[in-house]
Amino acid sequence: MYFPKVRARFWIDKTDYHWAKIDVETLGYDFLRRFLLRVAKGTRLTIEQAHVNQEVWLLKSVTLRASARVALIKSVHQELIITFSDYKKFQVDSRVVSAP
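Residues numbered from 1 in each chain as written. Predicted model: local features only at pLDDT ≥ 70, side-chain atom pairs only at ≥ 80, totals over all residues. Heavy atoms only, no water.

K.L.:
How should I be thinking about a nonpolar patch on the surface in this particular structure?
P.N.:
Taken together, the side chains of Leu80, Ile82, Phe84 and Tyr87 define a hydrophobic patch exposed on the protein surface, amounting to about 310 Å² of accessible area. Here Leu80 shows up in strand 7 (residues 74–83). Relative accessible area serves as the criterion here: at 39%, Leu80 is assigned to the partly exposed category. (Patch = residues over 30% accessible without salt bridge, like charges linked within 9 Å, V, L, I, M, F, W, Y side chains within 5 Å. Areas by Shrake-Rupley, 256 points an atom, 1.4 Å probe, with all protein chains shown as cover. Salt bridge = Lys/Arg side-chain N within 4 Å of Asp/Glu carboxyl O. Helix = DSSP H or I, 4+ residues; strand = E, 2+ residues; numbered from the N terminus. Buried < 20%, exposed > 50% of the residue type's maximum accessible area, 1.4 Å probe, protein only.)

Laid out in structure tokens, this is it:
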């Protein structure tokens with residue numbers, strides 16, 4: 001298994017059976033040999049989606065709270081929050097034009 005010390009939880013919408021939220025948390029230190037990265041216990045990634053216009057599921061937010069050690073030399077502590085909103089629906093007319 002690639003990530004043996006990770007716990008993931010999924011929230012599924014009851015009407016569409018589509019995932020609405022994913023929460024991933026590390027349970028202990030994990031060393032990723034390929035990237036020389038040691039991810040600390042408690043690092044958490046949360047991704048949420050919203051059902052927009054009762055038509056499509058689109059990203060609502062991405063939250064990352066992480067601690068890691070890069071190349072066993074430098075410690076990194078990062079918090080990143082990205083929110084998505086004001087989705088607009090566009091309609092476009094198209095036609096096929098033959099080449100001269």
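After that view of the structure, there is still more to cover.
K.L.:
I tried to follow the pairing of strand 2 (residues 19–26) on my own but got confused; where do I start?
P.N.:
Successive residues of a regular strand alternate their side chains across the two faces of the sheet. One ladder, built from seven bridges, connects strand 1 (residues 6–12) with strand 2; its direction is antiparallel. Along strand 2, the bridge assignment pairs Phe10 with Ile22. Taken together, strand 1 and the strand that follows it, strand 2, pair antiparallel across an intervening segment of six residues, in which Tyr17 is found at a positive phi of about 55°. Sheet topology note: the strand 2/strand 5 (residues 44–52) ladder contains five bridges and is antiparallel. Its bridge partner being in strand 5, Lys21 is matched across the sheet by Glu48. (Pairing = 2+ DSSP bridges.)

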